[in-house]
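Chain by chain, the residues run as shown.
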Amino acid sequence: MHRLPRLLRRLGWLLLAAFILWLGGLAFFVASSISIPVHRSIGTDAIVVLTGGRLRLETGLELFAAGTAKKLFISGVNQRVDRGELLRALGPLAEHAACCIALGHEADNTVGNARETANWMRGEGYRSLRLVTSWYHMRRGLLEFGRAMPRVTIVAHPVFAHHLDPERWWSWRGAPLLIVSEYLKFLAAWMRPALTAIYPGSPATAMLR
């Protein structure tokens, strides 16, 4: 009977240690994501924008207009969105540069973005890209893009929305949930190769994609 309380105490300490480790990882994830440097002067073959967050498209178009790349590729565009409609929504600059803006309609998650972009990059013969996505999504984006294109140079360009945008997590009630969710997705993406090796073909590992 004396062993049970001792076992419960050990389990409690183990859970506490795991939680502290998880919390420290979350703090490091946020700090490292916020501190990713932005090098606007570095030129690349392409600018790749991942849809799904505020100001991503606007930032990508601004960089393209500044002459930092040969082409702009927008990955993860809804298949129901017409190319002309999207270009008109982005303004006169996008319509004027329509010949150098390509859209990808196949991706519906970050892994899909990486694969879709890798196929497009191979078709264009490009060797470098500037990845434009929200700051909280950048770590996972770099992880997946690095796996899909190990020989391609990837320049990170995190997007920080303006003060009225809900991405400013310190002033938005629901934003901490967004950050925690992205951290969990990053951990799942980081562990996926090991889990796939242990449980190949498992529905659980397939869900991590």
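Each chain has its residues counted from 1, running along the sequence as written. Side-chain atom pairs in this predicted model are given and counted only at pLDDT of 80 or more, local residue features only at pLDDT of at least 70, and totals for whole chains, interfaces and linings cover all residues. Calculation of side-chain values draws on the structure's entire complement of heavy atoms; hydrogens and water are dropped beforehand.

A. Region of the structure containing the side chain of S32. Turning to its location among the elements, S32 is positioned in helix α1 (residues 3–34). Residue classification places S32 among the buried residues on the basis of a relative accessible area of 11%. Side-chain atoms alone can form a polar contact between residues adjacent in sequence; in general such a contact is a pair of N or O atoms within 3.5 Å, and within protein one must be able to donate a hydrogen while the other accepts it. Here the side chain of S32 touches F29 through a polar contact of 3.1 Å, landing on its backbone oxygen. Strands here are runs of E lasting at least two residues and helices are runs of H or I lasting at least four, both read from the DSSP assignment and numbered beginning at the N terminus. Exposure categories follow from relative accessible area, calculated using a 1.4 Å probe and restricted to protein chains: below 20% of the type maximum is buried, above 50% is exposed, and the middle band is partly exposed.

B. The state of the cysteines, seen in detail. Put simply, a disulfide is two cysteine sulfurs that come within 2.5 Å. Applying the stated criterion to the full structure yields zero disulfides. Sulfur of C100: no disulfide; nearest cysteine sulfur belongs to C99 and is 3.4 Å away. Judged by its relative accessible area of 24%, C100 is partly exposed.

C. Quick look at the packing of aromatic side chains. Note on ring pairs: Phe, Tyr and Trp rings are taken, using the six-membered ring of Trp, and paired if centres are within 6.5 Å. Classes follow the plane angle, with under 30 degrees stacked, over 60 edge-to-face and the rest tilted. Considering all chains together, one arrives at eight aromatic pairs under this definition. Three or more aromatic residues link up through ring pairs in this structure, and these residues are F19, W22, F29, Y183 and F186.

D. Geometry of the pairing of strand β2 (residues 71–75). Extensive coverage of β2 is indicated by the burial of four of its five residues. Any two strands with at least two DSSP bridges between them are considered paired. Sheet topology places strand β1 (residues 46–50) next to β2; five bridges connect them, and they run parallel. Residue pairing for β2: V49 is matched across the bridge by I74. Looking down the strands as they point away from the viewer, one classifies a crossover as right-handed if the path from the first strand across the helix to the second runs clockwise. Once the chain exits β1 it traverses helix α2 (residues 56–65) before rejoining the sheet at β2, and the crossover so formed is right-handed. Of the pairings in the sheet, the one linking β2 to strand β3 (residues 101–103) comprises three bridges and is parallel in character. Residue pairing for β3: L72 is matched across the bridge by I101.

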